[in-house]
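So you can see what is in the structure, the chains are spelled out below.
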Amino acid sequence: MRIWKRSIHAWLCWALYFAFALSLGAQQELSLEQAINTALQGNRELRIVETSLESALLSVSDARAGFSFTVRPEGGVGTTEAGDELAYGLSAARKNTWGTQVDVRGQVSKQAMEGVEDYHRGYVRVQLEQPLLRSLGPLMNREPVTQAESQVMAARRELELRKTDLVIQVVETYEQIFRLQKQVEFDSRALLRLEKMNKLTSTRERQGRASRVDVLRVELQYGEARLRLNRTQEQLESVRADLVELLGAPDDSSYSTVQNSIPEIGFTNRAVAQDVALKNRLDYAQVLHDALDTSRGKRIARRNLLPDLNLISRYEQSGSGNSYSAATDLNEDSWFVGFAVESDLLLRQERIRYRQSILDEKTALQTAEIVEAGVRRQVTQAILTYERTHAEVLFAERNYHLAESRATLARRLFEMGKGDSFSATDAEDALLQAQNQMLQAGSEALLASYRLLRAVGMLIEYPADLKPAHEG
């Protein structure tokens, strides 16, 4: 009966191993570069961020429309107890960034009353309004456009930062799949070795050359190997589903990954790397941009302490009479020049807002200092991790080869009857641990390289106008 069970176990081991090999052949092989490019094109969450950018661009167009020509029809019709009234005309207006607003208007009206001849009137009027103190200049009048443009810059930076995060996610997931693929391969081979060792130990038990304790130890290790293989295969399929989601690929897609060389970073000097980061990091650029916005807000608040004084000039030509031709003759003219002021003399709210703008600017500058210190710290930590992980790769590979040689020797000695099962199983455990450490070290070194590139703002190429060097 035991022989039959061991035969079933042997076939099961081979079936699992070949099933893994066939599953690799059924997967679509995908390089890391292909995975990154596919994700940047197809990731669904990234499309949402792009939609937010499009919305911000529309806001800029809407704000700029305030400086475009406006043409409006004017007129109306009504009736009273005295008679009927009819008026129609056209107006056109435009405002520039200095606050100058020109309004041109023309209209013809008619009043019809019982017992009296119809009365017609027409006029053409040109009016100019020019703010002199508070609202004079592009600082005040262009503020809606400037705010909308700032929102666009923030949305563009957010999109680029999301792309950066997505690249890191893809690299992490891709490397995890590769590590699990190798782990399945290692676990399958270990299962075959342990099955053979289990069979040999049981045979020696019947021959009196091994104890029951030896058999139970090998059987326990064999059972743990089977559980480990099943668990690793389940994790592999789960992470593959995560990669499909990141790529925005169809749900029935499945990919296998290939080994990637660990990127070598050309600069690991901390001072140089920190300077590079402060010239490239978009999160730092956004903080500087926010500081500029608060500084501009303080200037606007200070300007609002001035009176709202406007110069108004108007010239009009008109005509009137009992006929339409008399109304459109425009033989009368008039003009007007004056000033208009509209301000709260005490300016309580304006003074409060100005004091608040000073606090906002101070907070923004302090935030920029905090973020700069954070960037420097993150770069230092990324370099430390990079150096540690790259050094560990060599040691992990050396330990793996030593553990593999030890396990091979211990297994051969056991098969030749010159070693015990404890030494062989102990060497197998050490080999498993060394395999895991080697795979983990390789993954950590690869990820450390990409994370260092992200820390210095060089993981992907950012548009030049989004970088800190172009602020101000």
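It should be emphasised that the depicted structure is a prediction, and the values quoted were computed from it without experimental measurement. (Residues numbered from 1 in each chain as written. Predicted model: local features only at pLDDT ≥ 70, side-chain atom pairs only at ≥ 80, totals over all residues. Heavy atoms only, no water.)

J.: How would you summarise the overall build of the chain if you had to cite specific residues and measurements?
T.: Check the secondary structure of the chain and you find 11 helices and 8 strands. Structurally, the chain occupies a C-alpha span of about 135 × 55 × 35 Å along its principal axes. Evaluated residue by residue, the chain yields a buried proportion of 39% over its 472 residues. Within the chain, contacts between residues at least 6 apart in sequence are counted, and of these 79% link residues at least 24 apart. (Helix = DSSP H or I, 4+ residues; strand = E, 2+ residues; numbered from the N terminus. Buried < 20%, exposed > 50% of the residue type's maximum accessible area, 1.4 Å probe, protein only. Contact = heavy atoms within 4.5 Å.)

J.: Explain helix H3 (residues 44-64) residue by residue, including any values.
T.: For H3, which comprises 21 residues, the first-to-last C-alpha distance of 31 Å matches the rise-based estimate of 30 Å (1.5 Å per residue) to within 8%. Among the residues of H3, those classed as buried are Leu46, Val49, Leu53, Ala56, Val60 and Ala63. Seen along its axis, H3 keeps its buried residues to an arc of 85 degrees; they face one direction. Summarising the geometry of H3, the exposed residues directed more than 90 degrees from the buried face are Ile48, Glu54, Leu58 and Asp62. The elements touched by buried residues of H3 are helix H2 (32-42) and helix H5 (143-206). Of the residues flanking the start of H3, the one acting as N-cap is Asn43, its side-chain oxygen 3.2 Å from the backbone nitrogen of Glu45. (Expected span 1.5 Å × (residues − 1). Arc of directions from axis to C-beta. Polar contact = N/O pair within 3.5 Å; in protein donor to acceptor, adjacent residues only side chain to side chain.)

J.: Please give an account of the nonpolar core that cites residues and values.
T.: Counting residues in hydrophobic clusters, the biggest one holds 63 residues, and the most contacted among them are Val170, Leu247 and Val379. The element that contributes the greatest number of residues to this core is H5, accounting for 17 residues. Ignoring anything within four residues of it in the chain, the contact list for Val379 reads Ala273, Gln274, Ala277, Leu452, Ala455 and Val456. (Core = buried A, V, L, I, M, F, W, Y, C linked by side-chain atoms within 4.5 Å.)

J.: Which residues make up the sheet that holds strand S4 (residues 101-113), and what values go with them?
T.: If you trace the 6 strands from one edge of the open sheet to the other, you get S2-S3-S4-S5-S7-S8, paired in antiparallel fashion. The sheet is open, and its two edges are formed by strand S2 (70-79) and strand S8 (332-341), each paired on a single side. Along the sheet, successive strands turn relative to each other by an average axial angle of 15 degrees, direction set aside. Bridge analysis of strand S7 (residues 309-321) against S8 gives 10 bridges, and the strand direction is antiparallel. When the bridges of S8 are listed, Glu316 appears paired with Ser334. (Pairing = 2+ DSSP bridges. Axes fitted to C-alpha atoms, helices over the stretch in contact; angles between N-to-C directions.)

J.: A description of the side chain of Arg240 should follow, citing residues and the corresponding values.
T.: When you line up the elements, Arg240 lands in helix H6 (residues 212-247). Overall, the relative accessible area of 3% leaves Arg240 in the buried class. Reaching out from Arg240, the side chain makes a polar contact with the side chain of Glu237 at a distance of 2.8 Å.

J.: Before we move on, could you go through the pattern of salt bridges and cite the residues and values that matter?
T.: Here the structure, examined in full by the defined rule, presents 32 salt bridges. A salt bridge links Glu160 to Lys163, with the nearest nitrogen and oxygen atoms 3.7 Å apart. Highlighted residues: Glu160 and Lys163, both in helix H5, separated by 3 residues, approximately one helical turn. Two residues, Arg454 and Asp165, come together in a salt bridge whose shortest N-O distance is 3.5 Å. (Salt bridge = Lys/Arg side-chain N within 4 Å of Asp/Glu carboxyl O.)

J.: Could you give an account of a nonpolar patch on the surface, naming the residues involved and the relevant values?
T.: A cluster of nonpolar residues, Val102, Val104, Val124, Val126 and Leu128, forms a patch on the protein surface that exposes about 310 Å² of accessible area. For the nonpolar patch, the secondary-structure elements that each account for two or more residues are S4 and strand S5 (119-131). With 3 residues, the single largest contributor to the nonpolar patch is S5. In this fold, Leu128 is placed in strand S5. Classification of Leu128 by relative accessible area gives partly exposed; the value is 31%. (Patch = residues over 30% accessible without salt bridge, like charges linked within 9 Å, V, L, I, M, F, W, Y side chains within 5 Å. Areas by Shrake-Rupley, 256 points an atom, 1.4 Å probe, with all protein chains shown as cover.)

J.: Can you tell me about the packing of H5 against H6, naming the residues and giving the values?
T.: Interaxial distance between H5 and H6 falls to 8 Å at its minimum, and their mutual angle equals 160 degrees. In terms of orientation, H5 lies roughly antiparallel with respect to H6. As H5 runs across H6, the sense of the crossing is left-handed. Class assignment for the residues of the contact of H5 with H6 results in 17 nonpolar, 13 polar and 10 charged. (Parallel < 35°, antiparallel > 145°, perpendicular 65-115°, else oblique. Left-handed = near helix turned anticlockwise from the far one by under 90°. Nonpolar A, V, L, I, M, F, W, Y, C, P; charged D, E, K, R; others polar.)

J.: An account of the packing of aromatic side chains is needed here, citing residue identities and associated values.
T.: Applying the stated criterion to the full structure yields 1 aromatic pair. In this structure, Arg94 is placed above the aromatic ring of Phe69, and the distance from its NZ or CZ to the ring centre is 4.9 Å. Across from the ring centre of Phe414, 4.5 Å away, lies the NZ or CZ of Arg204, which sits over that ring. (Phe/Tyr/Trp six-rings, centres within 6.5 Å; stacked < 30°, edge-to-face > 60°. Lys NZ or Arg CZ within 6 Å of the ring centre and 35° of its normal.)

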